Each structure stands twice: as C-alpha cells, then as structure tokens.
Amino acid sequence: MKNFVRFAAVLFWALAVGAAKTAFAAGATEAQMVVHVDQPGPVIHREVYGQFAEQLGRGIDEGIWVGVDSPIPNIRGYRKDVVEALKAIHVPVVRWPGGCYADEYHWRDGIGPRAQRPVRPNQSWGGEDRNVFGTHEFMDFAELIGAETYIGMNVGSGSAREMADWLEYVTANGKSSLALERKANGRDKPWKLDYVGVGNEAWGCGGHMRPTYYADLYRQFATFVRSSSGTALSRVASGANADDVAWTEGVLSVAAELIDVYSVHYYTLPSGEWKHKGSATAFGEADWIATLRNALRMDAIINMHAAILDKYDPAKRIVLAVDEWGTWYDSEPGQSPLYQQNSLRDALTAAVTLNIFHAHADRVRLANIAQMVNVLQSMILTEREKMMLTPTYHVFDLYKVFQDAASLPFELQAPDYALGAVKVPGLHASAARDASGGVQIALVNLNPNQAAELKLQLKGFAPKQVSGRLLTAAEITSVNTFDKGGTVRPSTYSGASLQSQGTVRATLPAKSVVVLDLK
C-alpha cells in the first residue's frame, strides 16, 4: 500500500508538471526583459539567505536537536537528515536564541552538564525550556552546517555585564576564568562569533521601549560588545517593525555611529490583520493574490528605512538586515506553537522577497527567514522520525546560485495580474552574474491562471547554452506531506531556447518559479 501511495504521489507530480508544460502556449501573456550583463551592480551577499532558530515549539527540540541517545539518526544529537538538508542549501548564517525569547534567556542556564541545567518557563511562547540546547550546542551546530553565527543578547531583562561575560565565554582564548570554564565544559578553542544582536524588538516584546530610550541603552550595551580574541563583531541594533520610520529615525539620530547592522522585521499576513491572519492551507485565489501583494510591500518598507539610513550613513557602512521575515498564518489546531504548513504560495512569496533583497544589495546584506524548522515559514518540517522539505526550502535551493553573485540591472515589461481591485506584477525577476561568468535569472510568474511568453535580451553577453530548474504544482494550495511526499518539488526546466545572439525565449508556466542558468 505504501509503495502504491508513493507511486501515486510521484505520478501526480509528474502529471502536474507535464500539464503545465503542455499548456504554455494557451492564453499565455507576452513579456520582455532586458538584462544589462555589462553593467554589474553590488554583490548579493550570501547572508541574505540566513536562517532563524528560536527556542520555541518544536523548532529546536525535535526539529534540530533530538539528543545523542535518540533512535532518530543523529550527529552528536543533531538530526542527521536536517543537518544534511541545511548543508545542501548552503545556509550562510543562523540567528539564535530569539526572537522574543532572547530577552528572557540567560546564557548560564544553557552551559554545563545537560542533566543539571535548569528548566525554565518560556514566557514568550508557552511551555518550558529544558536548556539542553545552549551555547555549546548552538555554536557547534553552526560549525557543523558551515554557517556564521548571530546571537541575540538579553537587553530586556539582562544587563551589559551578563552580555559581556557571555561574549568572553564564547570568544576568550586565554586563561580567564570564563575561558577556563568553557574549556572545562568541553570546548578548548574559542568559537567564531559574527553578529551580536543588542536586544530584539525593543519596541515590543523586548521591553516596550521608546526609540530614544532604547538608543541610549544600545549605546551602553554596544560599548561592551567586544571579542576577547580580537576578531570583529558586528553589532546589530533592534530596529523597526514594518513601516515604523519614527523608530528608525529615533534610534539612528542618537546611535548611528555605534551601529554596524540595523534590523527591520516584516511578516506577510494574507489578511494584514494579526487577530485573523488567514489559513496556511485553506485559501482561494483572493487570499493568494492578497498574500503576494503584502509580500511585495517589502520593497517599499526597505526603501523607507534605507532613505533614513542614507541620511545618517551616506557611505552605506551600516547594513540593513531584515532578520525576521516570512509568512505568518493562524495557528493550526493540535500543533506546537507557530507550526504551519507550507504551500506553493509560500514558495512564490519567498521567491519575490529574495528578488527584492537582491534589488537592494547595496544596503540589504543580511536577512533571516522565520524560521528554520517547524516554526512559521520553515525550510523543513519534522514529525518524530519523518522529515519533509517544504516548497520554501526548494526556493532556497534554486536560489543558492545567487549567493555572492553580482547583481545585474534589468528592465521587465509584463502585464499585471489582477483579481477584483487587487493588482500585482504578473512577473517578478532578479538577475546576477557569478564568479565564473555565468548568468542566473530568476523568474516568478505570480499569475495562477496564465503562462507567460518572455523575450529575454542580454546586453553584453551571448550565451552558448541555457538550462534551468522549475518549481510549480497543480494547485495554488499544493503542499508536501509526510505521507504523500513531494508534490511541490523542482524539476528540470526545458521551456527556454536560444534565439539570435544574446536573445532567449522562455515560456513560464502559471504560478511558477524558474531559475535560468546561462553560460
């Protein structure tokens, strides 16, 4: 029976992709794109593909960490399947332990023998934290998957002294008491710490502060962000919620010279209302287009805050980090906190958001999707011994070719996609050139009903071959499941062809993500 179900799932997926390919010409819209390969722009920093793992629900416990004695295959307690999947998409940086939880977390609770660590209530998200995943486990996990580290410090209920001690514990290479304590706990050499978050959402769960008060507090804490081994630490200021430019103005006007990274948080809600956000799986076309419209607001939000950053930092020294972003739906009954399914809609939301980050590569050089496993717009979902890659994971896999590539300017003309009074671009795109000289182009067809015929012109580049990968599915609500496997997964794309020198024709199926590779 299991083999039949697996065969049926594969057959359904193949028929869905095949149907999309054969329906290209029927009712397709016409579009044109000109890419200026001879005018490379800022580098797309790989850190915009960062991840976020907060101490809540099953995001870490069961999702990343199962313990060394678990029957689930693991590497020193870390789920082997999850580790391998994360390594495959080249995760560049991981943010931990929060989120809201960072401002109630005390680092000493998470060191020493695991059986002796205190159990604390999770005041932010409910339940209890057994503290089995602490400093050693996080830093070793980051090393295991090859990622940089971003630790959020406790400003809301902690102190500058507590933060300084934690930094010394992590980075000291001498014979200080904290360095010797770390060594006694099993880590001889200091770890490499990259980003230090000075509080989180100080305007809300991090202390309900006013911007000028937080700015003064930030100046105090930032003074003591030091690495005992002499390596550089990037100080991240707790920035605005969505379009709150007054917060940005208030913080930057007081503390800009001490800020290395300024964070902004923005979540995509189908309804735009926190009390009734919308369902992750039970939705129609009106919810589809509303979600994409709200995701596209990211561009305007970045522009708002970038304009204020330009005022105080015209040299663009300060990084604008969108270190919490993604879709957020109503909670699913019977599931752990903030667990949600992940559909084709989430894949397109991720794709257009990453395209927007690419377009702002001069200022947006760090981002962290919320979150990595079993929480919000996850890369991976787990259920006991089972593990599933989400549609969002597959977008990150398709887009990993953009990491550290040079962004390319382009013009795109395509009909809008409209439903009632709501209108969004029919196509959304990004282009870049990698270190080997190849050109990558991401193309997102937001229209769930019509394919698009694209004429692509490449200025200053005449490709000799074109290949690609495609992500689509039969329905806008298509999801991957533990039982039926990968309904939404990438396939080889064969809808593009070389025409005259520097010209490519591509047929983009409805509701799809295509990444072209031109050499």
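Residues numbered from 1 in each chain as written. Predicted model: local features only at pLDDT ≥ 70, side-chain atom pairs only at ≥ 80, totals over all residues. Heavy atoms only, no water.

Engineer: Sorry, what's going on with the overall build of the protein chain here?
Structural biologist: Summing up its helical and strand segments, the protein chain has 10 helices and 27 strands in all. Against the 2.2 N^0.38 benchmark of 24 Å for 519 residues, the protein chain shows a C-alpha radius of gyration of 23 Å, consistent with a compact globule. C-alpha atoms of the protein chain, sized along the principal axes, occupy 70 × 60 × 45 Å. Residue pairs in contact within the protein chain that sit at least 24 positions apart in sequence constitute 76% of those at least 6 positions apart. Of the roughly 20,000 Å² of accessible surface on the protein chain, a fraction of 52% belongs to carbon and sulfur atoms. Between the centroid of the 50 positive side chains of the protein chain and the centroid of its 54 negative side chains there is a distance of 4 Å. (Helix = DSSP H or I, 4+ residues; strand = E, 2+ residues; numbered from the N terminus. Rg over C-alpha atoms; globule rule 2.2 N^0.38 Å. Contact = heavy atoms within 4.5 Å. Areas by Shrake-Rupley, 256 points an atom, 1.4 Å probe, with all protein chains shown as cover. Lys, Arg positive; Asp, Glu negative; His and termini not counted. Charge placed at Lys NZ, Arg CZ, Asp CG, Glu CD.)

Engineer: Please clarify how the side chain of Thr382 should be interpreted in this entry.
Structural biologist: Assignment of secondary structure puts Thr382 in strand 14 (residues 380-383). One polar contact links Thr382 to Asn374, side chain to side chain, over a distance of 2.8 Å. Discounting residues that sit within four places of it in the chain, Thr382 has contacts with Arg58, Glu62, Gly63, Arg79, Val82, Val373, Asn374, Met387 and Phe482. (Polar contact = N/O pair within 3.5 Å; in protein donor to acceptor, adjacent residues only side chain to side chain.)

Engineer: Looking at this model, I keep getting lost on the sheet that holds strand 23 (residues 466-471). Mind explaining?
Structural biologist: In a beta sheet, neighbouring strands pair by backbone hydrogen bonds and run either parallel or antiparallel. As summarised here, the arrangement of the 6 strands in space is 16-20-21-27-23-24, forming an open sheet in which the pairing is antiparallel. Each edge of the open sheet is held by one strand with a lone partner, namely strand 16 (406-407) and strand 24 (491-492). Strand direction decides the pairing type here: strand 20 (residues 427-433) and strand 21 (residues 439-445), joined by 7 bridges, are antiparallel. The residue bridging Leu427 from the neighbouring strand is Asn445, located in strand 21. Sheet strands in contact with helix 10 (residues 391-399) are strand 21, strand 23 and strand 27 (512-518), and its direction is about 165° off that of strand 23. (Pairing = 2+ DSSP bridges. Axes fitted to C-alpha atoms, helices over the stretch in contact; angles between N-to-C directions.)

Engineer: Would you explain the packing of aromatic side chains in this entry?
Structural biologist: The geometry of two aromatic rings is summed up by the distance between their centres and the angle between their planes. The full count for this structure, using the stated rule, is 23 aromatic pairs. Note on Trp107 and Tyr169: the rings are 5.1 Å apart at their centroids and 50° apart in plane angle, and the pair reads as tilted. With Trp107 in the loop between strand 5 (93-96) and strand 6 (120-121) and Tyr169 in helix 4 (residues 160-171), this pair connects stretches of sequence that are 62 residues apart. Here Trp107 matches Tyr169 in class, with each residue buried. Counting every residue linked through ring pairs, the aromatic cluster contains Trp65, Tyr78, Trp96, Tyr101, Tyr105, Trp107, Phe133, Phe138, Phe141, Trp166 and Tyr169. Seen from the ring of Phe52, Arg95 lies directly overhead, with NZ or CZ sitting 4.6 Å from the centre. Taking NZ or CZ as reference, Arg345 lies 3.7 Å from the ring centre of Phe283, over its face. (Phe/Tyr/Trp six-rings, centres within 6.5 Å; stacked < 30°, edge-to-face > 60°. Buried < 20%, exposed > 50% of the residue type's maximum accessible area, 1.4 Å probe, protein only. Lys NZ or Arg CZ within 6 Å of the ring centre and 35° of its normal.)

Engineer: Explain the environment of Pro113 to me, please; I cannot follow it from the model alone.
Structural biologist: Of note, Pro113 is situated in the loop between strand 5 and strand 6. It is 8.8 Å that separates the C-alpha atoms of Pro113 and Val132, two residues lying 19 residues apart in sequence.

Engineer: Before we go on, may I ask you to explain the sheet that holds strand 13 (residues 364-370) in this structure?
Structural biologist: Spatially, the 8 strands close up into a barrel ordered 2-5-8-9-10-11-12-13, and their pairing is parallel. When the angles between neighbouring strand axes are averaged without regard to direction, this sheet yields 25°. Here strand 5 pairs with strand 8 (residues 148-153) via 4 bridges, running parallel. Note on strand 8: the bridge partner recorded for Val93 is Glu148. Sheet strands touched by helix 4: strand 5, strand 8 and strand 9 (195-198). Its angle to strand 8, the strand with the most contacts, is close to 160°. Of the strands in this sheet, strand 9 and strand 10 (234-241) touch helix 6 (residues 211-223), which is tilted by about 165° from strand 10.

Engineer: Is there a simple way to explain the state of the cysteines in this structure?
Structural biologist: Here a disulfide denotes one covalent bond, and it connects the sulfur atoms of two cysteines. With the rule as written, the count across this model stands at 1 disulfide. Here Cys100 connects covalently by a disulfide to Cys205, the sulfurs 2.2 Å from one another. The chirality of the disulfide connecting Cys100 with Cys205 is left-handed, given an S-S dihedral of about -90°. Here the residue Cys100 occupies a position in the loop between strand 5 and strand 6, and Cys205 occupies one in the loop between strand 9 and helix 6, the gap between them amounting to 105 residues. Relative accessible area serves as the criterion here: at 14%, Cys100 is assigned to the buried category. (Disulfide = S-S within 2.5 Å.)

Engineer: What exactly am I supposed to notice about the confidence of the model for the protein chain here?
Structural biologist: For any part of a model where pLDDT is low, the fine detail of the predicted coordinates should not be relied upon. Averaged over all residues, the pLDDT of the protein chain is 94; the fraction at 70 or higher stands at 95%. Every residue in residues 1-25 scores below 50 in pLDDT, and together they form 26 contacts with partners more than four places removed in sequence or on other chains. (pLDDT = per-residue confidence, 0-100.)

Engineer: Hey, could you run me through the nonpolar core in this one?
Structural biologist: Taken as a class, soluble globular proteins show a tendency for nonpolar side chains to be buried jointly. Counting 116 residues, the largest nonpolar core has Tyr262, Trp325, Phe357 and Tyr399 as its most contacted members. Here the element with the most residues in this core is helix 8 (residues 285-312); it accounts for 10 residues. When neighbours within four sequence positions are excluded, Phe357 is seen to be in contact with Val48, Met298, Ile302, Val322, Trp325, Val364 and Ala367. (Core = buried A, V, L, I, M, F, W, Y, C linked by side-chain atoms within 4.5 Å.)

Engineer: What am I meant to see in the pattern of salt bridges here?
Structural biologist: Think of it this way: side chains of opposite charge can pair up when their charged atoms draw near. Here the structure, examined in full by the defined rule, presents 32 salt bridges. The partner of Asp404 in a salt bridge is Arg46, with the nearest N and O atoms 3.7 Å apart. Here Asp404 is found in the loop between helix 10 and strand 16, whereas its partner Arg46 is found in the loop between strand 1 (29-36) and strand 2 (50-52), with 358 residues between them in sequence. A relative accessible area of 41% means that Asp404 is categorised as partly exposed. Across the salt bridge formed by Asp313 and Arg363, the nearest N and O atoms sit 2.7 Å from each other. Of this pair, Asp313 sits in the loop between helix 8 and strand 12 (319-327) while Arg363 sits in the loop between helix 9 (344-359) and strand 13, placing them 50 residues apart in sequence. With respect to class, Asp313 is no different from Arg363; both count as buried. Several salt bridges converge on common partners, so that one network encompasses Asp310, Asp313, Lys316, Asp362 and Arg363. (Salt bridge = Lys/Arg side-chain N within 4 Å of Asp/Glu carboxyl O.)

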